[in-house]
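# Working through the structure, step by step
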Amino acid sequence: MNNIGIEQILFISTALFFIGVYGLFTRRNMITMLMAVELILNSVNINFVSFNKYLYPERLDGVFFTIFIIAIAAAEAAVAIAIIINIYRNHQSIDVEDSEEMKY
Amino acid sequence: MSNYDYISLIPILPIAGFVLIGLAGKKYFPALSGWLATLLIGTSAVLSLFTAYQYFIVDGAANGVYPQLLPVDMQWLQFTNTLSINMGILLDPISVMMLVVVTFVSLMVHIYSTGYMKGESRYATFFAYLQLFTFSMLGLVMSSNLFQIYIFWELVGVSSFLLIGFYFDKPSAVAASKKAFIVTRFADLFFLIGILITGVTAHSFNFTDIIANLTSPEFLKEYSATFLGFSVVTWALVLIFIGGAGKSAMFPLHIWLPDAMEGPTPVSALIHAATMVVAGVYLVARLFPVFAITGSGAIDVVAYIGIFSALFAALIACTQTDIKRVLAYSTMSQIGYMMFALGVSSQAHDAGFTASMFHLFTHAFFKSLLFLGAGLVIHAVHSNDMKDMGGLRKYLPITHITFLIGCLAIAGVPPFAGFFSKEGILHAAYTTHPDIYYVALVTSGLTAFYMFRLYFRIFWNKADIHLHHFHGEGAWSMKFPLLILATLSIAAGFVPFAHYVTATRTEGHMHTDIMFSIAPVLIGLLGIAVAMMWYKNENDRADKAVAMMRGVYRTAYHKFYIDELYIFITKKVIFNCIGRPAAWIDRNIVDGTMNFIALMTGEISDSIKGMQSGKVQGYAMYFFAGVIGLTLICLYIWM
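Once that is clear, we can look at the overall build of chain A. Helix and strand counts for chain A come out as 3 helices and 0 strands. When the helices and strands of chain A are listed from N to C terminus, the series reads α-α-α. Against the 2.2 N^0.38 benchmark of 13 Å for 104 residues, chain A shows a C-alpha radius of gyration of 17 Å, more extended than a compact globule. Its C-alpha atoms give chain A principal-axis dimensions of about 50 × 25 × 25 Å. When the 104 residues of chain A are sorted by exposure, 29% land in the buried category. Once local pairs closer than 6 in sequence are excluded, the contacts in chain A between residues at least 24 apart make up 60%.

Laid out in structure tokens, this is it:
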């Protein structure tokens, strides 16, 4: 464990982040987009934990933040899925391209 | 020293009446509102008479000088430690005299109006306005400082506007009320500037302080700043006088007064004959010690504007056929008398001051009498034009007699009231300004002529006249004030006025010089004789005289084309040279700038609105791009 450097972990989290962003931009299915958002959040969680572990091992701020983010992500997923269900009821579709009435 | 605690009731009663009748009168007690208003103003009149009794008789002059009392004085607005505006009541001989005149004439007009306005749908409103006017006028005469007088000055202007335009469904009345308001407002602008200059120069707005400060020898020695060759005091006084001239219909700001006759006749009697139009005279009289500073020159402006207006209005009055307009020009002429009487006075020769105030006092009675009489005549024949009248003496006996008394009074025939006051004025002019005296003499002849022209053409002239729809002379409520005022038009002359009112507030003496009186009385009688010869019976002597003086007659008939001159100046000169360029700038530069900005905003937003596409992923892209951009900027700064 100790011979894994912070660079490798940061590399993974950055990769995860951009995979998430890529998913967010390219997927048309809202559920998939939600999953992509989860990826982004979790990449941030990894960052928090690793910075906490490597830079300030005597403190726990990063870990607690991570727990907060997981909790909020759960709530966010619930809200998002509720929205998606409502959109489905109105449009009979969860394709993001089909719900674009809110424009100029 | 008597107790004047009740003094503030005098103006409070009418304003209470205004509020009460104005808010509830029309709905809840329309028929009673007239008598309620009369009762309130009657109480004010009794209180005013009591004040006069206390002031002049009970207290009298202490050591030969009447005191200036301030029964009410509160600080209202404080500007600096030394300069503040107060609200107060100032009692001195002229204000007490004006109190009596205003409340009394107002009472008469109220009684008369209960008959005259009967059946009007806005009966209660009319009385509410009358109450407002009376309140404002009382406030004006009792003001203790220039700013307070200015506030009430504007209030009488407003009530005059409301009452002239009382018949607001008549376009001519609306036009007349607007004209009156705009002309007097224009003059009031100068008045305000004058007040400010006076306040700054004298370090006070209170009349007593202004007079004390501006006439003190130290001030006169030190204060020598001039503007365009005239001292600051002269400028201030001339500007204040312009305000007074606007209200008092002095040339060339008189154009509103004849048109103001569009209002109901009682209004003309109250506002445009007896009270409001003499506000200018009162104002000059208030500041008389300052005006009379030797070398200020302002007093000469007063004198010459006064005498010119007197003659000018008398000439026009000779040619008009609308009886109310004749009376309006006659009012202007008589106010001209009062003005020049002040103008010819000085601290040393203050007989003119007394005479002016005396004339104001007597004129209020006989001119309101004449107007109220004219109201009855108009009521009977349903016309303002003297061509429709003639031979009315059989139909309107009481009006006839009282009108005759009014005419004799204004013509200056002894022993009627006008004789005494006019003699005083002429005598004062004779001793100091002989040139003015001779013009005034001619004017008094003209006065007698046009008043008796009016009298004969209304009551004689046609031998037999049949009136359609004649239903009696009018209710007693209309005839009673005529009788009272006629009595006063005889009696008022015997008041020992100089004993009470002088410029220095001392007890003076009025002496009538029999030898001096011969010329004015003869001139007056000559005017009456000419009027009698021309107008008593139907004949063509007047027409022949008119034919002889064709040009003069036409000019005077068209009021010397002053109205046309005003129209020319406003419509052609001001409109084309100032109005149009200003409108162009407004439309093209001011509005243009705004329109351009609005247009640009519209264009820009139109071109970028596509960004708000409704595509969530697009927004996420912008957001992400923004984050990246910010990150790059932060990196650039910190690295």
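The subject of this paragraph is the overall build of chain B. The helix and strand inventory of chain B stands at 26 helices and 4 strands. For chain B, the spread of C-alpha atoms along the principal axes amounts to about 110 × 65 × 55 Å. Expressed as a percentage of its 639 residues, the buried residues of chain B come to 56%. Restricting the contact set of chain B to residue pairs at least 6 apart, pairs at least 24 apart contribute 80%. Within the structure as shown, chain B displays about 26,900 Å² of accessible surface, and the carbon and sulfur contribution to it stands at 69%. Of the side-chain charges in chain B, 35 are positive and 33 negative, and the distance between the mean point of each set is 11 Å.

This next bit is on the layout of surface pockets. Its boundaries defined by the atoms lining it, the largest pocket holds a volume of some 810 Å³. Lining the largest pocket are 33 residues, and of these Cys318, Phe449, Trp534, Tyr535 and Val546 of chain B sit closest to its centre.

With that settled, the discussion passes to a nonpolar patch on the surface. Residue and element names in this part refer to chain B. Together, Met594, Phe596, Ile597, Met600, Ile604, Ile608, Met611, Tyr619 and Tyr622 line one region of the surface with nonpolar side chains, adding up to about 900 Å² of accessible area. Only α25 (562-608) and α26 (616-638) provide two or more residues apiece to the nonpolar patch. Positionally, Ile608 belongs in helix α25. Since its relative accessible area comes to 47%, Ile608 is described here as partly exposed.

Moving on: the pattern of salt bridges. Tallied over the full model, the rule gives 12 salt bridges over all chains. A salt bridge links Glu97 of chain A to Arg28 of chain A; the shortest N-O distance between them is 3.5 Å. Highlighted residues: Glu97 of chain A in the segment after α3 (61-91) and Arg28 of chain A in the loop between α1 (6-26) and α2 (30-55), separated in sequence by 69 residues. Judged by its relative accessible area of 35%, Glu97 of chain A falls in the partly exposed class. Measuring nitrogen to oxygen at the nearest pair gives 3.3 Å for the salt bridge that ties Glu262 of chain B to Lys170 of chain B. Residue Glu262 of chain B is located in the loop between α10 (256-259) and α11 (265-274), and its partner Lys170 of chain B is located in the loop between α5 (146-164) and α6 (171-202); the two are separated by 92 residues in the primary sequence. Owing to a relative accessible area of 36%, Lys170 of chain B belongs among the partly exposed residues under this scheme. Overlapping salt bridges bring together Lys179, Asp259, Arg325 and Asp563 of chain B as one network.

Moving on: the interface of chain B and chain A. Listed by partner, the interface residues are 12 residues for chain B and 16 residues for chain A. Between chain B and chain A the total buried area reaches about 1,100 Å² when both faces are included, carbon and sulfur atoms providing 67% of it. Looking at the side of chain B facing chain A, the largest losses of area belong to Lys615, Gln617 and Phe624 of chain B, adding up to 48% of the total buried there. Here chain B is connected to chain A by 1 salt bridge. One salt bridge connects Lys615 of chain B with Glu100 of chain A, and the closest N-O pair in it is separated by 3.3 Å. For the side of chain B that touches chain A, the residue count by class is 5 nonpolar, 5 polar and 2 charged.

Glancing now at the packing of α2 of chain A against α3 of chain A. Viewed as axis vectors pointing N to C, α2 of chain A and α3 of chain A meet at an angle of 175°, and their least axial separation amounts to 9 Å. Considering their axes alone, α2 of chain A and α3 of chain A lie roughly antiparallel with respect to each other.

All names here are of chain B. At a closest axis distance of 8 Å, the pairing of helix α4 (residues 123-142) and α5 adopts a crossing angle of 155°. On the basis of the axis angle, α4 is roughly antiparallel to α5. Handedness of the α4/α5 crossing: left-handed. Across from Phe126, Tyr129, Leu130, Leu132, Phe133, Phe135, Ser136, Met137, Gly139 and Leu140 in α4, the residues of α5 making contact are Ile149, Phe152, Trp153, Leu155, Val156, Ser159, Leu162 and Leu163. Residue composition of the contact of α4 with α5, grouped by class: 15 nonpolar, 3 polar and no charged.

The nonpolar side chains of a soluble globular protein tend to be buried, and buried together. All names here are of chain B. Membership of the largest hydrophobic core comes to 191 residues, with the highest contact counts inside it found for Leu146 and Met357. The element contributing the most residues to this core is helix α16 (residues 351-381), with 18 residues. Among all residues touching Met357, those that are not within four sequence positions of it are Ile94, Met97, Val281, Ala285, Phe497 and Val501. Of all hydrophobic cores here, the second largest spans 17 residues; its members include Val344, Ala428, Ile436 and Ala440.

With an omega of 0°, the peptide bond running from Phe251 of chain B to Pro252 of chain B counts as cis. In this structure, Pro252 of chain B sits in the loop between α9 (232-247) and α10. A positive phi angle, close to 55°, is found at Gln92 of chain A, a residue other than glycine.

Bringing the confidence of the model for chain B into the picture now. Residue and element names in this part refer to chain B. When pLDDT is averaged across chain B, the result is 86; 96% of the residues are at 70 or more. Confidence, read as mean pLDDT per element, is least for strand β3 (residues 226-227) in chain B (68) and greatest for α26 (92). Complex prediction metrics read pTM 0.79 and ipTM 0.85.

Conventions adopted
Residues numbered from 1 in each chain as written. Chains lettered and ligands numbered in written order. Predicted model: local features only at pLDDT ≥ 70, side-chain atom pairs only at ≥ 80, totals over all residues. Heavy atoms only, no water. Helix = DSSP H or I, 4+ residues; strand = E, 2+ residues; numbered from the N terminus. Rg over C-alpha atoms; globule rule 2.2 N^0.38 Å. Buried < 20%, exposed > 50% of the residue type's maximum accessible area, 1.4 Å probe, protein only. Contact = heavy atoms within 4.5 Å. Areas by Shrake-Rupley, 256 points an atom, 1.4 Å probe, with all protein chains shown as cover. Lys, Arg positive; Asp, Glu negative; His and termini not counted. Charge placed at Lys NZ, Arg CZ, Asp CG, Glu CD. 1 Å grid on protein atoms, 1.4 Å probe; cavity = no way out; pocket = protein on both sides within 12 Å on 5 of 7 lines; lining within 4 Å. Points joined across faces, edges and corners; volume = space filled by probe spheres on them. Patch = residues over 30% accessible without salt bridge, like charges linked within 9 Å, V, L, I, M, F, W, Y side chains within 5 Å. Salt bridge = Lys/Arg side-chain N within 4 Å of Asp/Glu carboxyl O. Buried area = accessible area lost by both parts, 1.4 Å probe. Nonpolar A, V, L, I, M, F, W, Y, C, P; charged D, E, K, R; others polar. Axes fitted to C-alpha atoms, helices over the stretch in contact; angles between N-to-C directions. Parallel < 35°, antiparallel > 145°, perpendicular 65-115°, else oblique. Left-handed = near helix turned anticlockwise from the far one by under 90°. Core = buried A, V, L, I, M, F, W, Y, C linked by side-chain atoms within 4.5 Å. pLDDT = per-residue confidence, 0-100.

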